[in-house]
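# Overview (structure and organization)
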Amino acid sequence: MTSHQSTQTMKPATAAKKLGVYLEATPAEFQEGVVSRTELSELQASPPEWLLELRRNGPHPRPVVAAKLGISISGLARGGVTEALTTEQIDALKQDSPEWLQKERATQAEVRKETVRIKEKNAERDAQAGEQRA
């Protein structure tokens, strides 16, 4: 009895998400096929020119756009950005610095500060609990 190991595959949308690229901007053969884990690893290890170009110039998916702008995905929606943006469009937004973007960046900064505060408080509490047990 031989063991048959099936190749794990994923939908193109999943692979695009893992690669951090906008699916609709990928080549047709990528969009229409399935991607094996081995193929995904190869794409990550030595990306073809189309992947390098997409990562460099976009269009970028919303999570990447949000990260490049320093805001949350929800902040993008509140700012009215619902479509993928190119690197050039993202740079133009940063340059223009509209009021909504400034507000969302401030909100994100507050969220980060609060996350750090909670983490420190929990670490302090855990340290005190450890001392009490000893």
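Residues numbered from 1 in each chain as written. Predicted model: local features only at pLDDT ≥ 70, side-chain atom pairs only at ≥ 80, totals over all residues. Heavy atoms only, no water.

## So, the pattern of salt bridges
Let me state the cut-off plainly: Salt bridge criterion: a side-chain nitrogen from Lys or Arg within 4 Å of a carboxyl oxygen from Asp or Glu. Only protein chains enter the accessibility calculation, which uses a 1.4 Å probe; a residue whose area is less than 20% of its type maximum is buried, one above 50% is exposed, and one in between is partly exposed.
The tally for this structure, following the rule as stated, stands at six salt bridges. R56 is paired through a salt bridge with E49; the nearest N and O atoms lie 3.3 Å apart. Classification of R56 by relative accessible area gives partly exposed; the value is 44%. Assessed through its relative accessible area of 52%, E49 is described here as exposed. Salt bridges linked by common partners bring E49, E53 and R56 together as one network.

## Quick word on the environment of E29
Put simply, the rule is: Only DSSP runs of H or I with at least four residues qualify as helices, and only runs of E with at least two residues qualify as strands; both kinds are numbered from the N terminus onward.
Assignment of secondary structure puts E29 in helix α2 (residues 28-32). We classify E29 as exposed; its relative accessible area is 63%.

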